[in-house]
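# Structure at a glance
Each chain, letter by letter, is given below.
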Amino acid sequence: MNITILGAGAWGTALAIALAQRHNVLLWGRNPTVIAAAAAQRDNTTYLPGFPLPANLIVTADFAQAIAHVGFDVAGENSLLIVASSVAGMRSLCEQLRGLAIPNIVWLCKGFEENTRLLPHQIVRQVLGDAIPAGALSGPSFAQEVARGLPCALAIATSDLALSERVVAAVHGCNIRVYSTDDMIGVEVGGAVKNIMAIATGLADGLHLGLNARAALITRGLAEITRLGLALGGRSETFMGLSGVGDLILTCTGDLSRNRKVGLALAQGKSLNDVVAELGHVAEGVRCAAAVLTLAQRLGVDMPITTAVAGVLFDGDAPGTMVDLMLARTPREESA
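Residues numbered from 1 in each chain as written. Predicted model: local features only at pLDDT ≥ 70, side-chain atom pairs only at ≥ 80, totals over all residues. Heavy atoms only, no water.

## Section: the UniProt feature "active site" (unreviewed entry) in the protein
In the numbering used here, UniProt assigns the feature "active site" (unreviewed entry) to Lys194. Residue position: Lys194 is located in helix 8 (residues 184-206). The class of Lys194 is buried, set by a relative accessible area of 5%. (UniProt positions renumbered as here; feature names shortened; annotations may be inferred. Helix = DSSP H or I, 4+ residues; strand = E, 2+ residues; numbered from the N terminus. Buried < 20%, exposed > 50% of the residue type's maximum accessible area, 1.4 Å probe, protein only.)

## Re empty space enclosed by the protein
Counted according to the given criterion, the structure contains one cavity of 30 Å³ or more. Reported here for the largest cavity is a volume of approximately 50 Å³. Looking at the largest cavity, the residues that line it are Trp107, Leu108, Cys109, Lys110, Gly111, Pro120, Ala136, Leu137, Ser138, Val187 and Glu188. Only strand 6 (134-138) and helix 8 provide two or more residues apiece to the lining of the largest cavity. Tallying contributions element by element places strand 6 first for the lining of the largest cavity, with three residues. Its residues assigned to classes, the lining of the largest cavity comprises seven nonpolar, two polar and two charged. (1 Å grid on protein atoms, 1.4 Å probe; cavity = no way out; pocket = protein on both sides within 12 Å on 5 of 7 lines; lining within 4 Å. Points joined across faces, edges and corners; volume = space filled by probe spheres on them. Nonpolar A, V, L, I, M, F, W, Y, C, P; charged D, E, K, R; others polar.)

## Observations concerning the pattern of salt bridges
By the definition in use, this model includes nine salt bridges. With a shortest N-O distance of 2.7 Å, Asp247 and Lys110 are connected by a salt bridge. Highlighted residues: Asp247 in helix 10 (residues 242-253) and Lys110 in the loop between strand 5 (105-107) and helix 5 (120-128), separated in sequence by 137 residues. Here Asp247 and Lys110 have matching classes, each one buried. Residues Glu278 and Lys270 are paired through a salt bridge, measuring 3.2 Å at the closest nitrogen-oxygen approach. Overall, Glu278 belongs to the exposed group, its relative accessible area being 53%. Via salt bridges that share partners, Asp205, Arg214, Asp255 and Arg260 belong to a single interconnected network. (Salt bridge = Lys/Arg side-chain N within 4 Å of Asp/Glu carboxyl O.)

## Points about the packing of helix 8 against helix 11 (residues 258-267)
Contact geometry for helix 8 and helix 11: axes closest at 6 Å, N-to-C directions at 35°. Between helix 8 and helix 11 the crossing geometry is right-handed. Contacts between helix 8 and helix 11 involve Asn195, Ala198, Ile199, Thr201, Gly202, Leu203, Asp205 and Gly206 from the former and Asn259, Arg260, Val262, Gly263, Leu264, Leu266 and Ala267 from the latter. Here the residues of the contact of helix 8 with helix 11 sort into seven nonpolar, six polar and two charged. (Axes fitted to C-alpha atoms, helices over the stretch in contact; angles between N-to-C directions. Left-handed = near helix turned anticlockwise from the far one by under 90°. Contact = heavy atoms within 4.5 Å.)

## A word on the sheet that holds strand 3 (residues 58-60)
Strand pairing in a sheet relies on backbone hydrogen bonds, with the paired strands running either antiparallel or parallel. Judged by pairing direction, the sheet is mixed, and its eight strands sit side by side in the order 3-2-1-4-5-6-7-8 without closing on themselves. Each having just a single partner strand, strand 3 and strand 8 (176-181) make up the two edges of the open sheet. Mean inter-strand twist for the sheet, computed between neighbouring axes without regard to direction, equals 25°. Summarising the sheet, strand 5 and strand 6 pair through three bridges and their orientation is parallel. Its bridge partner being in strand 6, Trp107 is matched across the sheet by Ala136. (Pairing = 2+ DSSP bridges.)

Shown next, in the form of structure tokens:
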């Protein structure tokens, strides 16, 4: 199968390394300097250093070449286009794709667009329309582990059965399992909001609140994610799956989690600007916290952890304030 991955960050590069074992894969990045170095050294030293790029993996900054790699097969029977940009870069990439003969589009990003508060599938539909088969590939997946060939499981969310089967055929195998669902809203909400919960868990761990507090935050965080997801049209069972509780547990507890690192650093008294600069990679939880809070308020969804995290991120609240807000809440039924 011919596969083009648009976006040479850590996750896009890791998936390209994994898929190049079985397919004709092209990895595109927008920074010519970074891409030229990666192609020459066979190592993406900027975003995923230390993981050799397979000899058969094409690495290019030529957008026309990237589209030609899959665009000739407009029926999509032997081609797959994967967008591995951040949510912030999703709209501009879709605008580049508008009017081109692409067979399908699958994205890896997790979050809400900051200004519009749209999920990725809504951005795709707004820019590209409904005619192109589209889906979200999501789940608990650290890029470094995928590049290393360690096992992981993902979910492809799409209402297009042919695309679902094509993604499973392309990605499922070796050490990657792929499950299917048509609940795109649930998958995308789970993938987005868990990043905010990871910041909260990082804050709690950084304040040395203990494992009991961590378990409580993760559990109540899942309740928040589910409430918002249901309000937006997702299904409850999705949040008990890979892109819900699975991704939540990984991001809140794994030391490779960028969003967890944000919380840990904030608990040490560092400023948000310094934390983001030191991180060097996108932490989607920071970007989508304000959007999620605005959506929750508009929909009347109670999201106390998100509210507390937003206070620390944007209002100058001390990390300990988050704890005080959580503990001061009125007792209620657990299912409420």
